[in-house]
Amino acid sequence: MNSIWVDQVGYLPNGKKRAVLNFAADEFEVTDVSGKTVLSGHTDHFGTDEISGEDVYVAVFDELDTDGIYRIKAGDATSVSFRISGDVYKGLLKDLLKCFYYLRCGDALDPEYAGKYYHAPCHMASAKVFGEDVPEVDVTGGWHDAGDFGRYSTAGAVAVAHLLYGVRFFGGLLNAGSDIPKVVSAEKKLPDILAEVKVELDFLLKMQRGDGGVWHKVTTLYHAEFIMPEDDHDDLYLFPVSSMATADIAAVFALAYTIYKDYDGVYADKLLAASLKAYAWLEANPEPLLFHNPPGNGTGEYSEDEDISNRFWAACALHEATGEDKYMKDACAKYKSLADYDAHAPRKGYQGDVFTCMGWAEVAGLGSMSLILRNENNALTDSIKQSFMNEAGRLRTVASRNGFNLCMSKADFIWGSNMELLKYMMILSIADGLDGSDQYTDLITSGIDYLLGMNSMDTSYVTGHGEHAYRNPHLRPTVADGIDEPWPGLVSGGPNMGLQDARAKDVDPDSAPMKCYLDHEECYSLNEITIYWNSPFVFVLAYIFQTIK
Ligand SMILES: [Zn+2]
């Protein structure tokens with residue numbers, strides 16, 4: 001079928017504008033709502049690329065900068081409609097942030113704000129400590145992690161980190177309204193994004209044991225059926241402390257301290273004290289305390305092979321927050337350990353430079369961001385900056401190999417491929433600031449265009465945003481609530497050559513990487529949502545708002 005793929009949400013007047021055709025056409029037209037041609041141009045023939053498997057032609061229409069609703073026509077094909085406007089992504093950012101509100105666990109939802117997506121208080125019982133004969137613990141609150149109702153310390157810390165580093169690098173996020181209940185802290189009103197993040201921070205504080213160690217997760221023994229969260233009454237268990245969870249919490253509390261101290265000094269001090277306590281636990285427990293699901297437990301494992309990147313992040317974040325040399329010394333030591341480890345260990349799911357990784361497992365890139373914020377004149381900071389510049393250069397080369405200007409190679413189309421892309425866009429956002437050239441802006445806008453429909457699935461991977469937005473996320477409440485449309489702003493995991501779930505077997509395994517996708521609620525390996533797939537998109541949009549005026 002002849003198709004023209006566009007960013008279904010739209011383009012900024014002063015941003016790059018690109019559409020991709022999968023058929024031969026020398027010319028294209030842009031038409032307005034009345035059908036009138038407002039621009040015509042010639043396509044460029046890119047050829048067949050590996051990630052889409054299509055022989056693609058590219059239409060660039062950068063010069064169209066008038067607000068309006070348009071379509072692209074070429075040959076006998078017409079694209080879906082899209083907008084050009086200075087506020088084209090404003091509603092998207094608001095909805096991406098609001099998702100964290102809908103995902104709140106406990107009794108923090110308000111029907112006035114959640115509307116028809118309100119759910120009653122959930123998971124209010126105290127949790128048993130798995131395998132230990134000790135009193136139960138109150139760990140209510142926070143955000144459900146994903147399509148399930150689990151709450152996982154490392155995943156939560158990383159999602160919070162994406163949002164808070166976004167605040168640190170691009171202060172404009174503090175003005176991003178999110179239509180959530182207002183929170184007045186001890187001293188002043190919290191901006192919406194900080195009010196929302198505080199919900200997760202308050203939960204993570206409860207996940208810290210008296211000795212400073214942090215429980216890896218709190219979940220039921222197995223995932224619930226497709227029911228509403230308030231109907232999930234199975235016993236909750238806290239699973240053993242891990243050094244990854246403890247290090248990630250030390251890091252993210254130190255980061256949060258640097259922001260919340262301007263709004264609520266008492267709360268910020270509490271976060272810093274908890275960070276230091278976690279760090280003291282790490283010092284007292286220098287060997288990795290890894291995590292694997294014990295027998296009889298089938299919820300998310302979030303296992304990692306080492307904890308070096310986590311300890312590196314903790315040291316960097318505490319150095320940034322306190323300025324103390326001790327943490328810089330630790331960061332240098334962990335940098336060396338991780339570089340040595342990375343040189344010998346088999347790569348697990350990530351490409352590129354480990355010191356730019358910002359996923360739930362490899363978190364060294366988050367530590368790097370703390371060093372970049374601190375911006376001291378030393379060898380470690382220089383190395384980190386070089387890592388980001390090198391990685392940005394690698395990503396530009398990767399993008400030149402396909403017609404979508406997309407910084408993804410075949411190897412990136414793994415489980416949660418949309419996060420692989422979003423992490424790359426974060427790296428490019430940082431690199432852009434380091435050399436001040438804006439030379440990576442077009443790679444970032446192309447990534448946004450891809451996520452919002454400029455892809456060979458002709459699908460926007462954000463619910464409610466785009467004429468062909470996906471509608472069937474693997475997310476228990478949206479299946480169980482009897483409401484047709486999922487709430488807007490949920491980022492799908494996206495195409496994944498692994499096709500790991502039973503329903504994904506409906507996809508032809510010989511499909512091109514970009515087409516290994518199915519919009520089906522059972523497809524947890526292709527179409528789940530998570531807090532840490534929404535959070536990097538918030539970071540990237542914050543960059544866009546600051547950069548493209
Ligand atoms: Zn819950």
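Residues numbered from 1 in each chain as written. Predicted model: local features only at pLDDT ≥ 70, side-chain atom pairs only at ≥ 80, totals over all residues. Heavy atoms only, no water.

I'd love a proper account of the sheet that holds strand 13 (residues 215–219), names of residues and values included.
Strand order across the open sheet formed by 4 strands is 11-14-13-12, with mixed pairing between neighbours. Strands with a single pairing partner mark the edges of an open sheet, and in this sheet they are strand 11 (128–129) and strand 12 (151–152). Bridging between strand 13 and strand 14 (residues 237–241) involves 4 bridges; their strand directions are antiparallel. Residue pairing for strand 14: Lys 217 is matched across the bridge by Phe 239. (Pairing = 2+ DSSP bridges. Helix = DSSP H or I, 4+ residues; strand = E, 2+ residues; numbered from the N terminus.)

Account for the environment of Ala 250, naming residues and giving values.
Mapping Ala 250 onto the fold places it in helix 5 (residues 243–260). Given the relative accessible area of 0%, Ala 250 is considered buried. Taking C-alpha positions, Ala 250 is 34 Å from Glu 225, a pair spaced 25 residues apart along the chain. Here Ala 250 is in contact with Ser 275, Ala 278, Tyr 279 and Ala 314, once residues within four sequence places are set aside. (Buried < 20%, exposed > 50% of the residue type's maximum accessible area, 1.4 Å probe, protein only. Contact = heavy atoms within 4.5 Å.)

An account of the sheet that holds strand 7 (residues 55–60) is needed here, citing residue identities and associated values.
Here we have 4 strands laid out as an open sheet, ordered 1-3-7-6, and antiparallel in their pairing. Among the strands making up the open sheet, the edge pair consists of strand 1 (4–5) and strand 6 (44–48).

If you had to explain the nonpolar core to someone new, which residues and values would you point to?
Tyr 89, Trp 143, Tyr 260, Trp 313, Met 369, Ile 448 and Phe 537 are the most contacted members of the largest nonpolar core, which totals 166 residues. With 13 residues, helix 5 is the largest single contributor of residues to this core. Dropping the residues within four chain positions of it, Trp 313 is found in contact with Ala 157, Val 158, Ala 161, Tyr 165, Asp 248, Ala 251, Val 252, Val 363, Leu 366 and Gly 367. Of all hydrophobic cores here, the second largest spans 21 residues; its members include Ile 4, Tyr 11, Ala 19 and Ile 84. (Core = buried A, V, L, I, M, F, W, Y, C linked by side-chain atoms within 4.5 Å.)

So what's going on with the pairing of strand 6? Which residues, and what values?
Here 4 bridges tie strand 6 to strand 7, and the two strands are oriented antiparallel to one another. Among the inter-strand pairings, His 45 is bridged to a residue of strand 7, identified as Tyr 57. Turn length for the strand 6-strand 7 hairpin, with the two strands adjacent in sequence and antiparallel, is 6 residues, and the turn residue Gly 53 shows positive phi of about 70 degrees.

Read these as geometric descriptors, not functional statements.
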